[in-house]
Amino acid sequence: THSSISVSLSVPLSIDNQTLPKQIDELSTFSDAPDPAVTRVLYTDKDVLGRRYIKNLMGLAGLSVREDAVGNIFGRWDGYEPDLPAVATGSHIDAIPYSGKYDGVVGVLGAIEAINALRRSGFKPRRSLEIISFTSEEPTRFGIGCLGSRLLAGDVTLAKALKATVDGQNISFLDAARSAGYAQDQDDLSSVFLKKGTYSAFVELHIEQGPILEEEGVAIGIVTAIAAPASIKVDFEGSGGHAGAVLMPKRNDAGLAAAELALAVERHILESGSLDTVGTVGILELHPGAINSIPRKAHLEIDTRDIDEKRRNTVIEKIHQSANTIAKNRRVNLSEFMIVNQDPPALSGKSIIEAMEVASKELNLTHKLMISRAYHDSLFMARISPMGMIFIPCYKGYSHKPEEYASTEDIANGVKVLALTLAKLSLS
Ligand code: HGY
Ligand code: MN
Ligand code: MN
Ligand code: MN
């Protein structure tokens with residue numbers, strides 16, 4: 001098995017602890033939010049600057065760089081048996097509004113540094129090593145997370161849906177992609193689909209986005225499964241009217257319907273009886289949004305996840321029932337109840353878990369098996385290749401906010417485990 005592969009390096013792995021943190025800081029300057037927050041949304045000019053930055057570093061690392069129709073970026077180090085399925089790694093550099101500078105970035109810049117460290121140690125890959133910087137891991141612009149990796153995994157429905165998808169400013173997906181230099185010569189996105197067997201393994205390095213590793217003083221998390229995410233878009237519509245003149249019995253307030261549904265989401269989540277069931281109403285917009293005008297339209301978006309898919313689906317059914325009941329009781333119209341995605345969880349590949357455990361042991365790093373409550377591109381890469389994830393601690397588990405932080409030492413540990421794991425998988 002992979003784990004028995006011993007990697008003989010002419011010099012021990014060493015991580016450049018000066019350059020990597022500087023690169024993380026530099027990449028974070030390509031942002032539409034003031035420091036220390038980062039906002040880098042798909043296909044915006046800041047995203048394009050970030051992409052250029054990554055492609056340049058991939059080139060400097062001696063990788064051959066290519067991009068697909070939606071802007072997934074690939075940097076490849078050819079092995080001495082280049083026709084074998086390659087070993088892939090990677091993550092994302094897009095950042096949701098007012099978030100931090102480590103989510104995703106550690107798995108892209110860290111992967112490039114892992115390749116540099118392997119080169120410096122005299123390693124020669126048998127299977128090629130390929131770094132992927134995935135397009136739009138975050139749902140911010142077009143409402144669907146992991147858009148790039150879903151397409152790589154061959155999501156036919158999504159490829160079709162994207163031809164009719166627009167963002168909040170009514171810009172179509174294809175026009176947005178073209179404004180960033182992609183999807184030039186075609187609108188058939190199936191060219192993005194990867195052939196089965198393209199990769200023999202996919203490994204992603206990521207901050208934990210939770211407090212466990214830091215609290216327990218463990219250096220490395222080895223992910224065994226990724227929770228099942230789902231997202232729902234809901235619109236309520238009422239007749240609105242004057243906040244002073246319309247008496248309460250005459251109202252059908254869309255805003256109150258949305259507020260009641262948000263609380264119903266919390267109730268249905270807690271009813272599941274498991275701490276692994278979570279739910280969030282992260283978007284709640286009232287229209288027209290004037291203090292003295294009764295909301296005639298309310299738009300809310302619900303994110304709910306669980307490591308147990310059945311339990312999560314039960315919550316979704318209850319939310320749908322509540323939306324109908326609330327609409328009836330409040331005499332508003334439930335004009336939209338759309339399940340945007342309802343994905344199964346993913347399990348990590350046994351052999352990949354073993355390789356990561358042995359690499360952590362060889363590096364004398366404490367490590368533990370754990371689940372990922374956040375979703376990642378790995379969730380979809382698991383559909384086309386055995387997958388594994390390496391977690392490193394982050395400050396108080398903070399993520400998706402400017403206080404997100406991972407220490408240089410923790411990042412270096414993660415990069416070393418990634419480098420050694422990639423080397424083992426490449427020689428397997
Ligand atoms: O929301 C998530 O789980 C991921 O960080 N986009
Ligand atoms: Mn994220
Ligand atoms: Mn992420
Ligand atoms: Mn809507």
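Residues numbered from 1 in each chain as written. Chains lettered and ligands numbered in written order. Predicted model: local features only at pLDDT ≥ 70, side-chain atom pairs only at ≥ 80, totals over all residues. Heavy atoms only, no water.

(A) Focus on the coordination of the manganese ion (ligand 4). Bound to the manganese ion (ligand 4) are the protein donor atoms D235 (OD), H299 (ND1) and E336 (OE), situated 2.3 to 2.7 Å from the metal. Considered as a linear motif, the donors of the manganese ion (ligand 4) on their single chain read D-x63-H-x36-E. In this pair, D235 is assigned in strand β9 (residues 228-237) and H299 in strand β11 (residues 297-306), connecting sequence segments 64 residues apart. (Donors = N, O, S within 2.8 Å, 3.2 Å for Na, K, Ca; no water. Helix = DSSP H or I, 4+ residues; strand = E, 2+ residues; numbered from the N terminus.)

(B) Focus on the coordination of the manganese ion (ligand 2). Around the manganese ion (ligand 2), the protein contributes the donor atoms D103 (OD), E138 (OE) and H400 (NE2), which lie 2.1 Å from the metal centre. A gap of 3.6 Å separates the manganese ion (ligand 2) and the manganese ion (ligand 3), which D103 links by coordinating each metal. Taken together, the residues E138 in the loop between β6 (129-134) and α4 (147-152) and H400 in the loop between β15 (387-392) and α12 (408-427) connect sequence positions 262 residues apart. Given the relative accessible area of 5%, E138 is considered buried. (Buried < 20%, exposed > 50% of the residue type's maximum accessible area, 1.4 Å probe, protein only.)

(C) Structural view of the side chain of H376. As for its position among the elements, H376 is in the loop between β14 (367-372) and α11 (378-381). Here H376 falls in the buried class, since its relative accessible area comes to 0%. A polar atom in the side chain of H376 sits 3.0 Å from the side chain of S372. Excluding residues that lie within four positions of it along the chain, H376 makes contacts with E137, C146, E204, H206, Q209, I226, M389 and F391. (Polar contact = N/O pair within 3.5 Å; in protein donor to acceptor, adjacent residues only side chain to side chain. Contact = heavy atoms within 4.5 Å.)

(D) Structural context of the site of ligand 1. Around ligand 1, the structure places E137, E138, Q209, R305, A374, Y375 and H400. Measuring from a nitrogen atom of ligand 1, one finds a side-chain N or O atom of E138 at 2.8 Å. Measuring from an oxygen atom of ligand 1, one finds a side-chain N or O atom of H400 at 3.2 Å. Considered on its own, ligand 1 offers 220 Å² of accessible surface; in the complex 94% of this is hidden by protein. Split into classes, the residues belonging to the shell around ligand 1 amount to 2 nonpolar, 2 polar and 3 charged. (Near = heavy atom within 4 Å. Areas by Shrake-Rupley, 256 points an atom, 1.4 Å probe, with all protein chains shown as cover. Nonpolar A, V, L, I, M, F, W, Y, C, P; charged D, E, K, R; others polar.)

(E) Highlighting the sheet that holds β9. Within the open sheet, the 4 strands sit side by side as β10-β11-β9-β12. Their pairing is antiparallel. Looking along the sheet, the strands with just one partner apiece sit at the ends: β10 (278-287) and β12 (333-342). For this sheet, the mean inter-axis angle between neighbouring strands, taken without regard to orientation, is 15 degrees. The pairing of β9 with β12 spans 8 bridges and is classified as antiparallel. By the bridge assignment for β12, K233 is matched with M338. Each of β9, β10 and β11 touches helix α8 (residues 254-271); the most contacted strand, β11, lies at about 10 degrees to it. (Pairing = 2+ DSSP bridges. Axes fitted to C-alpha atoms, helices over the stretch in contact; angles between N-to-C directions.)

As far as function goes, none of this settles anything; it's purely spatial.
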